Amino acid sequence: MGAAFVEEACIMTTAPSQITSSDEEAMILAVVRELVVEKVAPRAAEIDATGEFPWDIKELFAENDLLGIPIPAEYGGLGGTFLTYVKVVEEIAKACASSALIVAVQELGMLPIVIGGSEEQKRRFLPKIASGEHLVAYALTEVSSGSDALGSMRTRAEKRGDTYLLNGQKIWITNGSVADVVCVFAVTDPQAGSRGVSAFVLEKGMPGFSVGNVEKKMGIRGSPTVELVFNDCEVPAANRLGEEGEGFKIAMKVLDKSRPGIAAQALGIAAGAFEYATNYAKERVAFGKPIGHHQGVGFMLADMKTEVEAARLLLYEAARRCDQGSSDVTLWSALAKLKCGDVAMSVTTDAVQVLGGFGYSADYPVERMMRDAKITQIYEGTQQIQRLVIARALVGR
Ligand code: CAA
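Model, not experiment: these values are computed from the prediction.

A. Looking closely at the pattern of salt bridges. Evaluation of the coordinates by the stated rule reveals 20 salt bridges. The salt bridge partner of Lys305 is Glu309, with a shortest N-O separation of 2.7 Å. Separated by four residues within a single helix, Lys305 and Glu309 lie in helix α8 (residues 295-324), roughly one turn from each other. On the accessibility criterion, Lys305 (38% relative accessible area) is partly exposed. Asp342 is paired through a salt bridge with Arg387; the nearest N and O atoms lie 3.7 Å apart. Here Asp342, found in helix α9 (residues 329-355), pairs with Arg387, found in helix α11 (residues 383-395); they are 45 residues apart in sequence, far enough to count as distant. For Asp342, a relative accessible area of 25% translates into the label partly exposed.

Here's what the structure looks like:
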């Protein structure tokens, strides 16, 4: 079992899911699958090893219209369904979680504009985001406000005539150093609680807006995670999304729609690791037969498959509800994120186990997948926050 197996299996991805809502979706997924096999999978190990943002993959996605799938056609997007979007993220994540995050964060970053932006702001910002000319990021988290996004927010925006003066820092901002446009949440009225936060679109190059510390991370190493610093940063009032004080609700509505994207990334990581482990178990021989024929390994694979398929059904249901505009998307997005994140962690851990010592080696992709899986239990709300959201949806506060 050597390098040949590694390369062959690395560029193999499972067939796109059987659940297709339209011919258009099937076409998009076929294109994505080809791109993943030919261009993304062969780059995955290198992207992880160098820890550099893969501009070539970003260009590839932009050329193939994958960076604006759910953006309405009138603003330059594909006008695709949410379900199609999550399937695309899943398909890419089977081979490379960092690359999948380019698509998922483009969605996360543009959602505040779609949800809270005026017609003028949508026309101003969305076409360049949809085409991939502009990358976009979402800046909510701060040093002392991760889970407690509202209560501990300290970044301030003070109105001065036609502008706001922003001061503070955001941390853990995915793609923050490569983004041209960043949606930032800041306190405009410290006395007003949830109605004291407003949302702003910051553009690269605005004086007083800079990139600080760059995190060194366990996984998703091709996706820069950075600190953003606002030092008397002047933001035109025309860049405020929604009314003053509407920012926290916009931030929460965004997460309702973006959590399925992270769930899709998690599911893709799990599916990729499961497939790799299964192929390995068919070929690796121990005690005179392929290890998959030993019950200890065969039953592990059976459990991994069950978990992947269960997570997929939950995610697709959540995405369908997003498409339908159901009133319970908060609940379903949290269910999907919770299940898919946990499945990513357990399945990748088991995939490493199936490969034994080889699974622990950087020469094989499953150790990268296991490292990449961990973040899906942390970002866009930890698994504990998902449980809190689910419990509140079930029984109130
Ligand atoms: N939709 C609309 N409004 C909502 C809402 C939703 N889903 N959730 C809450 N709100 C509203 C509430 O109705 C409330 O409004 P009123 O004050 O008018 O009644 C207001 O927002 C405050 O809500 P809560 O009282 O529930 O707020 P809370 O302080 O108890 O916190 C929380 C709620 C769910 C824990 C929230 O803070 C949370 O989601 N925390 C996790 C943050 C998170 O996920 N961060 C991820 C950062 S992005 C990221 O990770 C991306 C990446 O890198 C890829």
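That covers the picture; the talk isn't over yet.
B. Looking closely at unusual backbone geometry. Although it is not a glycine, Asp232 sits at a positive phi angle of roughly 50 degrees. Looking at where Asp232 falls in the secondary structure, it is placed in strand β7 (residues 225-236). With relative accessibility at 46%, the residue Asp232 sits in the partly exposed group. Its identity as a non-glycine residue notwithstanding, Phe287 has a phi of 50 degrees, on the positive side. In this structure, Phe287 sits in the loop between β9 (285-286) and β10 (289-290).

C. Molecular detail of the packing of aromatic side chains. Following the criterion strictly, the structure yields six aromatic pairs and no others. Between Phe82 and Tyr85, the aromatic rings sit 5.3 Å apart at their centres with planes inclined by 55 degrees, giving tilted as the arrangement. On the criterion of helical spacing, the pair formed by Phe82 and Tyr85 is a turn pair, its members being three residues apart in helix α4 (residues 82-93). Summarising the burial analysis for this pair, Phe82 and Tyr85 share the class buried. Both rings, one in Phe358 and one in Tyr364, keep their centres 5.2 Å apart while their planes meet at 45 degrees; by these two values the pair is tilted. Take Tyr364: its relative accessible area is 5%, and that puts it in the buried class.

D. Highlighting the site of the ligand. What surrounds the ligand is a group of 25 residues, the closest being Thr174, Ser194, Arg195, Glu380 and Arg397. Between a nitrogen atom of the ligand and a main-chain N or O atom of Ser147, the distance comes to 2.8 Å. Separating an oxygen atom of the ligand from a side-chain N or O atom of Thr174 is a distance of 2.6 Å. In isolation the ligand exposes 1100 Å². Once the protein is present, 78% of that is buried. Elements represented by at least two residues in the shell around the ligand include exactly α7 (247-283) and α11. A total of seven residues in the shell around the ligand trace back to one element, the largest contributor, which is α7. Grouping the constituent residues of the shell around the ligand by class yields ten nonpolar, seven polar and eight charged.

E. Representation of the packing of α7 against α8. Packing of α7 against α8 brings their axes to within 9 Å, and their N-to-C directions diverge by 155 degrees. Taken together, the axes of α7 and α8 are roughly antiparallel relative to one another. In the packing of α7 onto α8, the handedness of the crossing is left-handed. Facing α7, whose interface residues are Asp256, Lys257, Pro260, Ala263, Ala264, Leu267, Ala270, Ala271, Phe274, Ala277, Thr278 and Ala281, α8 presents Val297, Leu301, Met304, Lys305, Val308, Ala311, Arg312, Leu315 and Cys322. Among the residues making up the contact of α7 with α8, the classes are represented as 16 nonpolar, one polar and four charged.

F. Structural context of the environment of Tyr364. Of note, Tyr364 is situated in the loop between α9 and α10 (366-375). Separated by 158 residues in the primary sequence, Tyr364 and Met206 place their C-alpha atoms 43 Å from one another.

G. Layout of the side chain of Arg368. Summarising the element assignment, Arg368 is placed in helix α10. Summary of buried charges: Arg368 has no salt-bridge partner, and the nearest side chain of opposite charge, Asp372, is 4.4 Å away. Not counting chain neighbours up to four residues away, the residues in contact with Arg368 comprise Ala44, Ala45, Asp48, Ala95 and Cys96.

H. Looking closely at α11. An ideal rise of 1.5 Å per residue puts 18 Å on 13 residues; α11 measures up with 18 Å between its terminal C-alpha atoms. Of the surrounding elements, those touching the buried residues of α11 are α7 and α9. Following α11 by one or two positions, Gly396 has its phi on the positive side, about 80 degrees.

I. Structural context of the domain arrangement of the protein. As far as domains go, the protein holds domain 1 (3-131), domain 2 (136-246) and domain 3 (248-395). On a C-alpha basis, the centroid separation for the pair domain 1 and domain 2 is 25 Å. Opposite the 26 residues of domain 1 that make contact, domain 2 presents 20 residues. Taken over both partners, the interface formed by domain 1 and domain 2 buries close to 1800 Å², and the fraction arising from carbon and sulfur atoms is 65%. A salt bridge links Arg221 to Asp48, with the nearest nitrogen and oxygen atoms 3.9 Å apart. At the boundary of domain 1 and domain 2, one finds nine residue pairs in polar contact (both at pLDDT 80 or more). Of all the elements in the fold, those that place two or more residues in the side of domain 1 that touches domain 2 are α2 (23-50), α5 (97-116) and α6 (119-131). Here the element with the most residues in the side of domain 1 that touches domain 2 is α5; it accounts for twelve residues. Its residues placed into classes, the side of domain 1 that touches domain 2 shows 15 nonpolar, eight polar and three charged.

J. Examining the environment of Gly357 more closely. By the element assignment, Gly357 lies in the loop between α9 and α10. A C-alpha to C-alpha distance of 51 Å links Gly357 and Cys233, two positions 124 residues apart in sequence.

Conventions and cut-offs
Residues numbered from 1 in each chain as written. Predicted model: local features only at pLDDT ≥ 70, side-chain atom pairs only at ≥ 80, totals over all residues. Heavy atoms only, no water. Salt bridge = Lys/Arg side-chain N within 4 Å of Asp/Glu carboxyl O. Helix = DSSP H or I, 4+ residues; strand = E, 2+ residues; numbered from the N terminus. Buried < 20%, exposed > 50% of the residue type's maximum accessible area, 1.4 Å probe, protein only. Phe/Tyr/Trp six-rings, centres within 6.5 Å; stacked < 30°, edge-to-face > 60°. Near = heavy atom within 4 Å. Polar contact = N/O pair within 3.5 Å; in protein donor to acceptor, adjacent residues only side chain to side chain. Areas by Shrake-Rupley, 256 points an atom, 1.4 Å probe, with all protein chains shown as cover. Nonpolar A, V, L, I, M, F, W, Y, C, P; charged D, E, K, R; others polar. Axes fitted to C-alpha atoms, helices over the stretch in contact; angles between N-to-C directions. Parallel < 35°, antiparallel > 145°, perpendicular 65-115°, else oblique. Left-handed = near helix turned anticlockwise from the far one by under 90°. Contact = heavy atoms within 4.5 Å. Lys, Arg positive; Asp, Glu negative; His and termini not counted. Expected span 1.5 Å × (residues − 1). Domains from an automatic or database assignment. Buried area = accessible area lost by both parts, 1.4 Å probe.

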